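Coordinate analysis (summary)
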Amino acid sequence: MKFMKLGSRPDTFYTSEAIRSVSSEVSSDLIVQVKGSRYMLHKFPLLSKCLRLQRLCSESPESSQMVQLPDFPGGIEAFEICAKFCYGITITLSAYNIVGARCAAEYLQMTEDVEKGNLIYKLEVFFNSCILHGWKDSIITLQTTKGFPLWSEDLGITSRCIEAIASKVLTHPSKVNLSHSHSRRVRDDVSCNGAESQRHRPNWWAEDIAELGIDLYWRAMLGIKSGGKLPSSLIGDALKIYAARWLPNISKVGSDSDSDSGGNDLTSKHRLLLESIVSLLPAEKGSVSCSFLLKLLKASNILNASSPSKTELARRIGLQLEEATVNDLLIPCLSCSNDTLYDVDMVMNILEKFMLQGQSPPTSPPRSKFGFERRRSRSAENIDLEFQESRRSSSASHSSKLKVARLVDGYLQEIARDVNLPLSKFVAIAETIPDFARIDHDDLYRAIDIYLKAHPDLNKSERKRLCRTLDCKKLSVEACMHAAQNELLPLRVVVQVLFFEQARAGMSGGGKVTELPSNIKALLATHNIDPSRHTAAALSTTTSIPGDDQWSVSGLKSPKSRLSTLRMKLAEDDDLDGSNGIGRSSKLKAIRALPARPKRMFSKLLSINRSAGEKN
């Protein structure tokens, strides 16, 4: 901390009967009233340095005059600094009082035109040569400008402090004049653990400037960002530190915001702070974590932030949604028109932003039309390098979609417990994920099962609509066993589970399926399905399933082999896809394409090989 002392006389100001006076053999001839305080002073020392007092006294030439300064900047503290300077009394100036003194000196017009070496000149020299060169001094001075916003702007104090802070952030810490304690800590880190010091050095400035109010912080961060030298990740870290400093217990703030006018003012302050942080987020993807962005989004809901801020957060979250967790997505819903526990619409918006990211590049580079390799030019090699890079980015995009599919299914399991969650929103969230992104449907099945238990009043068509995203071909053995005994599922889904489990057993070569549980046998029996024949042949055209639960098997005759049964059933599933929404499996499509008579194909291949051998 830098200090400057002016004057040499001892302080002779004293208070008597609520009046401040100066000990002197000469009686006072000037009364100055500042902010309700009265001073008994002398014209000669004050008028010789203060042009404003000269003009005020010249308007009424009386021997003893009273001057009122109702709008004096800095109050009585700043006035006494100026008055003591006029008397030659010792004053001490630092980062804490220089702004008030500078504004007061400007108000009193203590310029060089009045007297050489006047107070304004001395303050400017100290400010430019000492205050702006120190890190802590610059921050403290900038903080004190809050008490004199207009004066500080007009005198350029605020802008000069911000420029000094931004330049120091962009400079190596070893070249910055830090506080004594901070400098000592840096030296200790270098001597004891250089690697640890390097890890903490890049954002050494973040906690210090986090003490600034949002308006000054916003301007300081703009100055830092405009330098263009600082990595976006460090900007993101600084914003996270600032949010943690000024947005604590945000849920409590939001719940108490309507209790009184003070709560409303506090909410408005936090809303401005949140929106300012959002506006400062670096444009680069990954500069802040997805978890931090989702915390800001939750806070924006609580504080009722502006729509552009929410939209920007949703867009940013969508770009890196694969980093999120299920708890991150559980955004409380505070809308009066919506009784759901969580803001499902916002998550739906985030998912749409995620799915709208760039399209996948081609799967292979363009082939030569001549069909043979030529000598490759350097430009061609560069094109191939760019292609390989695009392939890697495409692979990362595909991987992120797989992660998001897991995330969404976990999210569905959480929101499914909400009794007020409409079926349409549950289905909309489930159908946002493309079929290829779900490697298996076990988590989706769990979410559907939870929703069925939490909403027992669903009718038959609603249960069908709920299950149309479920692909029984992608259920594990354990999930199939559970689904086969789940009486809440539509009968069509149960029968599909049984069929694909039978087909899986046939493909594995075992040919055996475990005995059906008694409750599912009873369920099938109520629909005239013979529970003792739980094979694919049992699902023939003679099977009768009444009403909408009938599973169309019109093209299925008594098959002679499990392979032909599977092929026919898969062909039939193409017709069902439009009605029940079951996704197609690429693996089972390949099985469907198997030849009807493999023996004939093998014999043909053998004959071709035999004839080729005879020619050789």
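The rules behind the values
Residues numbered from 1 in each chain as written. Predicted model: local features only at pLDDT ≥ 70, side-chain atom pairs only at ≥ 80, totals over all residues. Heavy atoms only, no water. Helix = DSSP H or I, 4+ residues; strand = E, 2+ residues; numbered from the N terminus. Buried < 20%, exposed > 50% of the residue type's maximum accessible area, 1.4 Å probe, protein only. Contact = heavy atoms within 4.5 Å. Areas by Shrake-Rupley, 256 points an atom, 1.4 Å probe, with all protein chains shown as cover. Pairing = 2+ DSSP bridges. Phe/Tyr/Trp six-rings, centres within 6.5 Å; stacked < 30°, edge-to-face > 60°. Lys NZ or Arg CZ within 6 Å of the ring centre and 35° of its normal. Arc of directions from axis to C-beta. pLDDT = per-residue confidence, 0-100. Polar contact = N/O pair within 3.5 Å; in protein donor to acceptor, adjacent residues only side chain to side chain. Axes fitted to C-alpha atoms, helices over the stretch in contact; angles between N-to-C directions.

Moving on to the overall build of the chain. Of regular secondary structure, the chain possesses 29 helices and seven strands. Here the chain, with 616 residues, has 44% of them falling under the buried criterion. Within the chain, residue pairs in contact and separated by at least 24 positions form 70% of the contacts whose partners lie at least 6 positions apart. Carbon and sulfur atoms form 53% of the exposed surface of the chain, whose accessible area is close to 32700 Å².

On to helix α21 (residues 423–432). Within α21, seven of the 10 residues are buried, leaving the element largely enclosed by the surrounding structure. Those residues of α21 not exposed but buried are Leu423, Lys425, Phe426, Val427, Ile429, Ala430 and Thr432.

On to the pairing of strand β6 (residues 65–69). Here β6 shows a buried face lined by Gln65, Val67 and Leu69 and an unburied face lined by Met66 and Gln68. The sheet contact formed by strand β4 (residues 30–34) and β6 spans five bridges and is parallel. Among the inter-strand pairings, glutamine 33 is bridged to a residue of β6, identified as glutamine 68.

A full pass over the atoms with the stated rule returns 10 aromatic pairs. Measuring from centroid to centroid gives 5.0 Å for tyrosine 39 and phenylalanine 79, while their planes differ by 55°, and the two rings are tilted. Of this pair, tyrosine 39 sits in strand β5 (residues 37–41) while phenylalanine 79 is found in helix α3 (residues 75–87), placing the two residues 40 residues apart along the sequence. In this structure, tyrosine 39 and phenylalanine 79 share a single accessibility class: buried. A ring pair is formed by tryptophan 135 and tryptophan 204, whose centres lie 4.9 Å apart and whose planes are at 65°; its orientation type is edge-to-face. Placement of the pair is tryptophan 135 in helix α6 (residues 135–144) and tryptophan 204 in the loop between α10 (194–200) and α11 (206–209), with a sequence separation of 69 residues. Summarising the burial analysis for this pair, tryptophan 135 and tryptophan 204 share the class buried. Taken together, the ring pairs in this structure connect Tyr39, Phe72, Phe79, Tyr107 and Trp151 into an aromatic cluster. Above the plane of the ring of tyrosine 107 lies arginine 52, whose end atom (NZ or CZ) is 4.1 Å from the centre.

Looking at helix α5 (residues 119–129), one finds that the buried residues are Leu119, Ile120, Leu123, Glu124, Phe126 and Phe127. Taken down its axis, α5 places every buried residue within 165° of arc, on the same side.

Let's shift gears to the confidence of the model for the chain. Put simply, the chain has an average pLDDT of 77, and 68% of its residues get 70 or more. Scored below 50 in pLDDT, residues 251–259 shows 11 contacts in the model against residues more than four places distant or in partner chains. Counting interchain partners and residues more than four positions distant, the pLDDT-below-50 stretch residues 389–396 has six contacts.

A few words now on unusual backbone geometry. With the exception of glycine, the majority of residues adopt a negative phi angle, and the majority of peptide bonds are in the trans configuration. Of note in the backbone geometry, lysine 35 takes a positive phi value of approximately 50° without being a glycine. Looking at where lysine 35 falls in the secondary structure, it is placed in the loop between β4 and β5. The residue asparagine 304 is not glycine, and still its phi comes out positive at about 55°. Looking at the element boundaries, asparagine 304 is found in the loop between α16 (290–303) and α17 (307–319).

What follows deals with the side chain of serine 309. Looking at where serine 309 falls in the secondary structure, it is placed in helix α17. Of the polar contacts made by the side chain of serine 309, one reaches the side chain of serine 306; its length is 3.1 Å. Those residues in contact with serine 309 that sit more than four places away from it in its chain are Glu275 and Val278.

So, on to the sheet that holds strand β2 (residues 13–16). Strand order in the open sheet formed by five strands is β2-β3-β5-β4-β6, and the pairing between neighbours is mixed. Looking along the sheet, the strands with just one partner apiece sit at the ends: β2 and β6. Here the average twist between neighbouring strands, direction ignored, is 25°. Relative to β5, β4 is paired through five bridges, and the arrangement is antiparallel. Residue pairing across strands places valine 32 opposite tyrosine 39, the latter belonging to β5. Those strands touched by α3 are β2, β3 (19–22), β4, β5 and β6, and its axis lies near 5° from that of β5.

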